[in-house]
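For reference, the chains in residue letters:
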Amino acid sequence: MWRLSIAYLRSRLPVRFRIGLPESNVVAGRGAGTTAGSSRSLPMAPVRAGILADQLADLKAGLFISMPIGIVLAAVILVEQIRSEGGLLASFWFAASVAVSGGRIALALGRSDANGGDEKTVRAALVRYGLLALLSGIIWTLPAVLTHGYTNPHWPLYLIVLAGACAGSVTYGAAYAPASLNFMVPPLVVAAGCLVAKGDTDSYILAFTVILFFGGMVRSAFIGQSRFCETSRLKHEAKAFAAEMQRTSRLDPLTNLLNRSGLEQAVGRLGPEDGPFVVMLIDLDGFKSVNDTYGHSVGDDLLVNVSATIESHAPERATIARIGGDEFVLLFSAEGRIQTEVFAGSIISAIASQVSTLNSVRIGASIGIYTSDKPNLTEMLLRADFALYAAKRSGRNEYCFFDQELEEALERKHCIERDLRSAIEAGAVCSWFQPVVRLDTNATVGFEALLRWQHPLHGFLSPPAVVNAARETGLQSLLTETVLLNCCSMIEELIRSGRGHMRVAMNLSPRELEAGNVDDMILGTLAAKNIPAAMLEIEITEEAPIDRGRVDRKLERLADAGISIVLDDFGTGFSTLLSLKDSRIRKIKIDQNFVRNLSKSAEDQALVKAVIDLGQALEIDVMAEGVETDEDRLILVSLGCLIAQGYLFSAAVPMDKALGFTPEPDRVLRLPLFTS
């Protein structure tokens, strides 16, 4: 009977439970030890084993209720038998019934099959419970003997007690039909047979009633088991799905490497005794060009190939992760600097050589390396990232170890970032102004605002260092507002001194225009201070924006308000020939790399002349920056460039000195400050 029941259960359950998870293959990141099957379905075996374990657990719990009730019902029969006909045989029957019931309870108390047992073990336990139930059912056929085939005067009481015991077995054994069926089939079949054997009409009717009761109990047993298994299946499917989601949440869906979350968990399982550790942060050089030239599909294929390349060259038991668009992490136990250099060199060489099909784009890899005694992911990635950018500054296909020099540089960077807000609020971060001079008349025509911050520990900081610190700390908007207010103060002083024809320029990056509401802030500040927009210039620096359309809309709004838009560092980065087609551009600044030592370079003179002629043809003003010698000044004049700034005239100076500045071309004003 129990075997038929299990077959019924199997027929009620679907073969597979498809949840729609993404397909995945073997997961790289050998240190993580994570794999995934290629099927979209959850594995059936754990769900099936979980259902059986739940059946066993529920059956055990029900025994502690049904067995005491069964003992009480058996005691009722014993008392009635002693009272009516003598209790010797009934006493033996009662003792046997109690012994089997006690054995079933002891089995439930003494085994832990439902807790951690495999499917085979749980099935064996259920078989044992089914066999004990069958033995108990056989014992409960003896009331037919005690009542002489249900013919003595008290037989209805015995039959009612038997019916109650059978109903109880179904009620408290609903999770596992074989147990209740094995118990109630023998006594009910015997009872029906005895009633039929009596041969009278009333007995036939009662036998039919017993058969109907038996059929109802069988049906209830199977329905109860089916509902229990369905509920259990849903529960275990949900658990399996949650576990699968948790697993896949730790994976990069493109490469099947660990993602940042998975890397954090893998590192979290490591201890100091597993170290020291080497972390390599690998960043692809030229990857953006692949997406731009060949499309994201080719870029994705490249990332998959690179991940396979890294895995094939990584040390054994290394953990590999992809934590960004084209950033990979390789973590392994340290084996010495020479071995680490060999690994890094082989990875760089393999990545550079395995993408030869991309003819028009050169792909390389830069690697930052950090060795740590403790598995602290945040610290390791921070220092590896710092080493990575040091490697990038050295060129393509380079690796760099995080050493004491970089440690000092990182501490300096953190110190600057930590002190920046208070320095801005205290006015320590300010703007100095470098004069812009007209070369043919030797007249000052404007000023450029340049950031200045004398840090108490690190001295004067270059403007790029201040700007980078502001970006890292989310203070870019506050810094820009500070520069704008400084420019407004300078403009107000120029107006007060009768020099309203001059302009004051401030630098602004396209990324900043793209990200915030800088245009609102600039126009709102000018309106609030009643400052003419025509006296402000915005110099767009060389950094290229991501959303060019958004930047263009903001520039158009500023230009329409009367602000002069200047292309800074023309000839590099964002400042391209295509930009000159923009009617909003009022001026271009020739990059200082073309101007310095101009008198000694015929090539630079030709380039500068071409830019000047182009500007004149498009009716765009052209000025030069970085003029340091009178020879370069004279060459610029001969080429037709009439506006310039540089050390030949003055470095950037505080506002009060800038307001009193008078050009002296024969004197170079040199201060220990920065020009850009």
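Since the model is a prediction, treat every value here as computed from it, not as a measurement.

Enquirer: How do you make sense of the packing of aromatic side chains when you look at a structure like this?
Expert: The geometry of an aromatic ring pair comes down to the distance between the two centres and the angle between the two planes. This model, assessed by the stated rule, comprises seven aromatic pairs. Summarising the aromatic geometry, the rings of Trp-140 and Phe-183 are spaced 6.2 Å apart at their centres and angled 65° between planes, so their arrangement reads as edge-to-face. Taken together, the residues span a long stretch of sequence, with Trp-140 in the loop between helix H4 (119-139) and helix H5 (143-146) and Phe-183 in helix H7 (residues 177-198) at a distance of 43 residues. Since its relative accessible area comes to 7%, Phe-183 is described here as buried. Pairing Phe-332 with Phe-343 gives two aromatic rings, centres 5.5 Å apart and planes at 85°, and the pair type is edge-to-face. On the criterion of sequence distance, the pair formed by Phe-332 in strand S5 (residues 327-333) and Phe-343 in helix H12 (residues 337-353) is long-range, its members being 11 residues apart. Take Phe-332 and Phe-343: they sit in the same class, and that class is buried. Ring pairs connect the aromatic residues Trp-93, Trp-140 and Phe-183, which therefore count as one cluster. Here the guanidinium or amino end of Lys-198 rests over the ring plane of Trp-155, the centre of that ring lying 4.3 Å away.

Enquirer: Looking at this structure, I do not really get the packing of helix H14 (residues 404-426) against helix H15 (residues 463-473). What am I missing?
Expert: Packed helix pairs are characterised by how far apart their axes lie and by the angle those axes make with each other. Direction vectors running N to C along H14 and H15 enclose 70°, while the axes themselves pass 9 Å from each other. As summarised for this structure, H14 and H15 are arranged roughly perpendicular, according to the angle between their axes. Contact residues: Lys-413, Ile-416, Glu-417 and Leu-420 in H14; Val-466, Ala-469, Ala-470, Glu-472 and Thr-473 in H15. For the contact of H14 with H15, a count of residues per class yields five nonpolar, one polar and three charged.

Enquirer: Would you mind going over the pairing of strand S11 (residues 503-508) with me for this structure?
Expert: Two faces belong to every sheet, and in a regular strand the side chains alternate between them. Across three bridges, the pairing between strand S9 (residues 443-455) and S11 is parallel. Across the sheet, the residue bridging to Phe-447 is Val-504, located in S11. Here five bridges tie S11 to strand S12 (residues 536-540), and the two strands are oriented parallel to one another. Residue pairing for S12: Ala-505 is matched across the bridge by Glu-537.

Enquirer: Could you clarify how one ought to interpret the packing of helix H16 (residues 476-496) against helix H18 (residues 518-529) in this entry?
Expert: Put simply, H16 and H18 touch, their axes get as near as 11 Å, and they point 30° apart. As summarised for this structure, H16 and H18 are arranged roughly parallel, according to the angle between their axes. Viewed along their axes, H16 and H18 form a crossing whose handedness is right-handed. For the pair H16 and H18, the contacting residues are Ser-477, Thr-480, Glu-481, Leu-484, Leu-485, Cys-488 and Glu-492 in the first and Val-518, Met-521, Ile-522, Thr-525, Leu-526 and Lys-529 in the second. Its residues placed into classes, the contact of H16 with H18 shows seven nonpolar, three polar and three charged.

Enquirer: What am I meant to see in unusual backbone geometry here?
Expert: The general pattern is negative phi for most residues beyond glycine and trans for most peptide bonds. A positive phi angle is found at Asn-256, which is not glycine, with a value near 65°. Not every positive phi belongs to a glycine, and Asn-397 is a case in point at roughly 55°. Note on Asn-397: relative accessible area 26%, which makes it partly exposed.

Enquirer: When you look at H15 in this model, what are you seeing that I'm missing?
Expert: Residues spaced three or four apart along an α-helix point in a common direction, a consequence of the helix completing one turn every 3.6 residues. Turning to H15, its buried residues are Pro-463, Val-466, Ala-469 and Ala-470. Buried residues in H15, looked at end-on, bunch into an arc of 130°, giving them a common side. Structurally, H15 contributes buried residues whose contacts are with H14, strand S8 (429-438), S9, strand S10 (459-461) and H16. Positioned one or two residues after H15, Gly-474 has a phi angle of 75°, which is positive.

Enquirer: I tried to follow the sheet that holds S5 on my own but got confused; where do I start?
Expert: Strand pairing within a sheet occurs via backbone hydrogen bonds; the two strands may be parallel or antiparallel. Taken together, the five strands give an open sheet; going across it, the order is S4-S5-S3-S6-S7, and neighbouring strands pair in mixed fashion. Since the sheet does not close on itself, it has two edges, and those belong to strand S4 (319-322) and strand S7 (399-401), each with one partner. Strand after strand, the sheet turns through a mean of 15° between neighbouring axes, direction not considered. Two strands pair when backbone bridges link them, and S4 and S5 are joined in this way by four bridges, in the antiparallel orientation. Counted as the bridge partner of Arg-322 is Phe-328 from S5.

Scoring rules and cut-offs
- Numbering of residues starts from 1 in each chain and follows the order in which that chain's sequence is written.
- Only residues with pLDDT of at least 70 get local features here, since the model is predicted, and only at 80 or more are side-chain atom pairs given and counted; chain-wide, interface and lining totals rely on the full set of residues.
- With hydrogens and water excluded, all non-hydrogen atoms of the structure serve as input to the side-chain values.
- Only the six-membered ring of Trp is used, alongside the rings of Phe and Tyr, when aromatic pairs are assigned; centres must lie within 6.5 Å, and planes under 30 degrees apart are stacked while those over 60 apart are edge-to-face, with the rest tilted.
- Helix and strand definitions follow DSSP, with helices as H or I runs of at least four residues and strands as E runs of at least two, each counted in order from the N terminus.
- Note on exposure labels: buried denotes an accessible area under 20% of the residue type's maximum, exposed denotes more than 50%, and partly exposed covers the range between, all computed with a 1.4 Å probe on protein chains only.
- We count a charge as sitting over a ring when the NZ of a lysine or the CZ of an arginine lies within 6 Å of the ring centre and within 35 degrees of the ring normal.
- Note on geometry: axes are C-alpha line fits, over the in-contact stretch for helices, and angles between N-to-C directions span 0 to 180 degrees.
- We call two directions roughly parallel when the angle between them is under 35 degrees, roughly antiparallel when it is over 145, roughly perpendicular when it lies between 65 and 115, and oblique otherwise.
- Residues are treated as being in contact if the distance between any of their heavy atoms lies within 4.5 Å.
- Polar here means any residue outside two lists: the nonpolar Ala, Val, Leu, Ile, Met, Phe, Trp, Tyr, Cys and Pro, and the charged Asp, Glu, Lys and Arg; Gly therefore counts as polar.
- Whether two strands pair comes down to DSSP finding at least two bridges between them.
- Handedness of a crossing follows from how the near helix is turned relative to the far one, being left-handed for an anticlockwise turn of less than a right angle and right-handed for a clockwise one.
- Working note: the arc is built from the helix axis to C-beta atom directions.

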